[in-house]
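# Observations on the model geometry
Listed below, chain by chain, are the residues.
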Amino acid sequence: MAAACRISARWAWADALYEGVVQDLIDELGRLPGIGPKSAQRIAFHLLSADPADIGRLQEVLGKVKEGVQFCEICGNVSEQETCRICRDTRRDLTVICVVEEPKDVLAVERTREFRGRYHVLGGALDPLSGIGPEQLRMRELLQRIGAADVTEVIIATDPNTEGEATATYLVRMLRDFPGLSVTRLASGLPMGGDLEFADELTLGRALSGRRVL
Ligand SMILES: [Zn+2]
């Protein structure tokens, strides 16, 4: 009954309510980012009519996703080993670190092919209203990395929105005291209020090459 109440509250405005496991499936799908009620229904009914072998593969991957994926000890990116593919690559430039919010942003910057340094994934952005302060992000790890290696430039590539800007401002203040360290921010041109991952390669590539010193 409790589940039904939760669902009806959440889907009160949806066109139709389904019974039992179908509604549970729609409800779970609807909790995923970027999936609205209409898409959740469409995916649920696609799954209901899908080949059992396809469902089996999906089930298998979902089962493995939590146990098979870990985070890189160095940069915090998703990794299948203790360190990620990028941190293990000896051809990457160790003197430049690009700071991003999420692992998906690493992919976005990689797609531009403009960056040959390494990354640092914060695990989010400062958002005091949601209880996310510097302690909840991998800020201390970043300081340790910069202190321990010959890092000459930190590129701040947080999202061009309020939280991303607040995080960038905080980082600039935090990194100001490192001698010989240049702190840069992606050039403007990225749509404000957006998400780094949704910027096209060309725009993000230009923002990267046109970055400005803070
Ligand atoms: Zn890494």
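Analysis parameters
- Residues numbered from 1 in each chain as written.
- Predicted model: local features only at pLDDT ≥ 70, side-chain atom pairs only at ≥ 80, totals over all residues.
- Heavy atoms only, no water.
- UniProt positions renumbered as here; feature names shortened; annotations may be inferred.
- Donors = N, O, S within 2.8 Å, 3.2 Å for Na, K, Ca; no water.
- Helix = DSSP H or I, 4+ residues; strand = E, 2+ residues; numbered from the N terminus.
- Buried < 20%, exposed > 50% of the residue type's maximum accessible area, 1.4 Å probe, protein only.
- Phe/Tyr/Trp six-rings, centres within 6.5 Å; stacked < 30°, edge-to-face > 60°.

Under the annotation held in an unreviewed UniProt entry, the protein chain carries the name Recombination protein RecR and is attributed to Amycolatopsis xylanica. What UniProt records for the protein chain under Function (unreviewed entry) is the sentence "May play a role in DNA repair. It seems to be involved in an RecBC-independent recombinational process of DNA repair. It may act with RecF and RecO." On record in UniProt, under Sequence similarities (unreviewed entry), the comment for the protein chain is "Belongs to the RecR family."

### Comments concerning the coordination of the zinc ion
The protein atoms that coordinate the zinc ion are Cys-72 (SG), Cys-75 (SG), Cys-84 (SG) and Cys-87 (SG), at distances spanning 2.2 to 2.3 Å. In the primary sequence, the donor residues of the zinc ion line up as C-x2-C-x8-C-x2-C. Linking Cys-72 in the loop between strand E1 (70-71) and strand E2 (78-79) with Cys-84 in the loop between E2 and helix H5 (85-88), this pair joins segments that are 12 residues apart in sequence. An identical accessibility class is assigned to Cys-72 and Cys-84; each is buried.

### So, the packing of aromatic side chains
Here the structure, examined in full by the defined rule, presents 1 aromatic pair. Measuring from ring centre to ring centre gives 5.1 Å for Phe-115 and Tyr-119, while their planes differ by 65°; the resulting arrangement is edge-to-face.

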